[in-house]
Structure formats: C-alpha cells, structure tokens
Amino acid sequence: MDLREHIRTIPDFPKPGIQFYDISTLLAHPRAWRACVRRLADVVDSFEPDVLVGIESRGFLTAAPLALDLGLGFVMVRKQGKLPGRCITHTYDLEYGTDTIEIQADGIKPGQRVVILDDLLATGGTLAATAALCAKVGGDVQGAVCIIELPDLKGRDKLSVPFSSLIQFEGG
Ligand code: AMP
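Cut-offs applied
Residues numbered from 1 in each chain as written. Predicted model: local features only at pLDDT ≥ 70, side-chain atom pairs only at ≥ 80, totals over all residues. Heavy atoms only, no water. Near = heavy atom within 4 Å. Polar contact = N/O pair within 3.5 Å; in protein donor to acceptor, adjacent residues only side chain to side chain. Areas by Shrake-Rupley, 256 points an atom, 1.4 Å probe, with all protein chains shown as cover. Helix = DSSP H or I, 4+ residues; strand = E, 2+ residues; numbered from the N terminus. Nonpolar A, V, L, I, M, F, W, Y, C, P; charged D, E, K, R; others polar. Pairing = 2+ DSSP bridges. Right-handed = clockwise from strand over helix to strand, strands pointing away.

## Regarding the site of the ligand
As a structural note, the neighbourhood of the ligand is formed by 13 residues, with Asp 118, Asp 119, Thr 123, Gly 124 and Thr 126 the closest of them. Gly 125 has a polar backbone atom sitting 3.4 Å from an oxygen atom of the ligand. One of the side-chain nitrogen or oxygen atoms of Thr 126 is found 2.5 Å away from an oxygen atom of the ligand. Protein contacts shield 80% of the accessible area of the ligand, which totals 490 Å² for the unbound molecule. Elements represented by at least two residues in the shell around the ligand include exactly strand E2 (19–22), strand E7 (113–121) and helix H4 (125–136). Here the residues of the shell around the ligand are counted per class, giving five nonpolar, five polar and three charged.

Dropping the structure here:
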C-alpha cells in the first residue's frame, strides 16, 4: 500500500505558492487509513508512551484512533480560547506575529511519557511549541510523529525531541 497515492496535493492553498497536502483523501479510503494507522501505531508504540497528544485539528484525527488502538489516553492541544476549565498556555513566534496554544491543566500528569501527533511537519514551529507546552505541564515528551514531512523546510532542526514521519515530500 503506497500511502503517497492517497494524499491529494492542492496548489496555492491556503495562499498562493503553498502546496497543500490534503489527508482528506486518505481519511476517506478505509483500507489506506487503516494501513496508515497501523504504521503510525508501530512507530508510536516504540516510544512506550502513557498518553498521546494531538494538535488541532488534523492532529486530533491522527492521534485519536491511535490512542484507542494502543489503549492510551488522548489529550488535545488547541488554539487559545477553545478548551474549557483551567488551561496552561504557550505563546510562540510565527513569521509575522505570535500564536498561542493551550492544554487543560490536568490533561497530562507530571512524569507521564508523551508522544505528540500531527498530520504534517512543515517548518516545525507548531510541533516545537506543543512539545514546550507539554513539558511546561510536567510531561516527559518522548517523541513526535507525523504522517507527512516536508524535509526541505528543515522542521526537524527545530525539534528537541526524536521525530518520525511515514511519508516525505521533497520540494514541497
Ligand atoms: P509548521 O508549524 O510550519 O510545521 O506547520 C505544521 C502545521 O501546519 C500542521 O498542523 C499542518 O497541518 C499545517 N501545514 C503546514 N504546511 C502545510 C501544507 N503544505 N499542507 C498541509 N498542511 C500544512
């Protein structure tokens, strides 16, 4: 099963010059999605996590079925203002301006082994910020895993935790 064939590329979305890697077509194909989740499960399992963290919003789709499969808890990291109850925030720099993400204060117990999931690693800013937030609430971040990586953008260099991806698109 070549998962690359199930990822649709859409030019100039959300703005001119960006090649968007759309996992909708992967999610819509049950056999390909099953294969993808199995491959992710093998990688994630090797980190021996206690809990999986998914980044809004396609990271939720990636992490939630894995957590169920591996018998682990699932915790959301969202843009500021969307989670109820007491939250811990982390603000990070974008190309222009800043962004703030947050997690519920009791989402991760101190010392829990955490693996972070998202659909795609581009510049690495989102994943690096999520790893920093998880560490801030006491999580022991073991690694991060994405379905897709754009190696030309060197996102890995921003990460201080081990990183794995299933598919790499060069020149993207
Ligand atoms: P970054 O922080 O630059 O690594 O961006 C990663 C986040 O933005 C992930 O949550 C991705 O879903 C999304 N993203 C960035 N670039 C793309 C792209 N070319 N195609 C699809 N999603 C992208």
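## Topic: the pairing of strand E4 (residues 73–79)
By the bridge criterion, five bridges tie strand E3 (residues 51–55) to E4 in an arrangement that is parallel. Following the sheet pairing, Leu 52 is matched in E4 by Phe 74. Once the chain exits E3 it traverses helix H3 (residues 58–70) before rejoining the sheet at E4, and the crossover so formed is right-handed. Two strands pair when backbone bridges link them, and E4 and strand E6 (residues 98–104) are joined in this way by two bridges, in the antiparallel orientation. From the neighbouring strand, Lys 79 faces E6, where its bridge partner is Ile 101.

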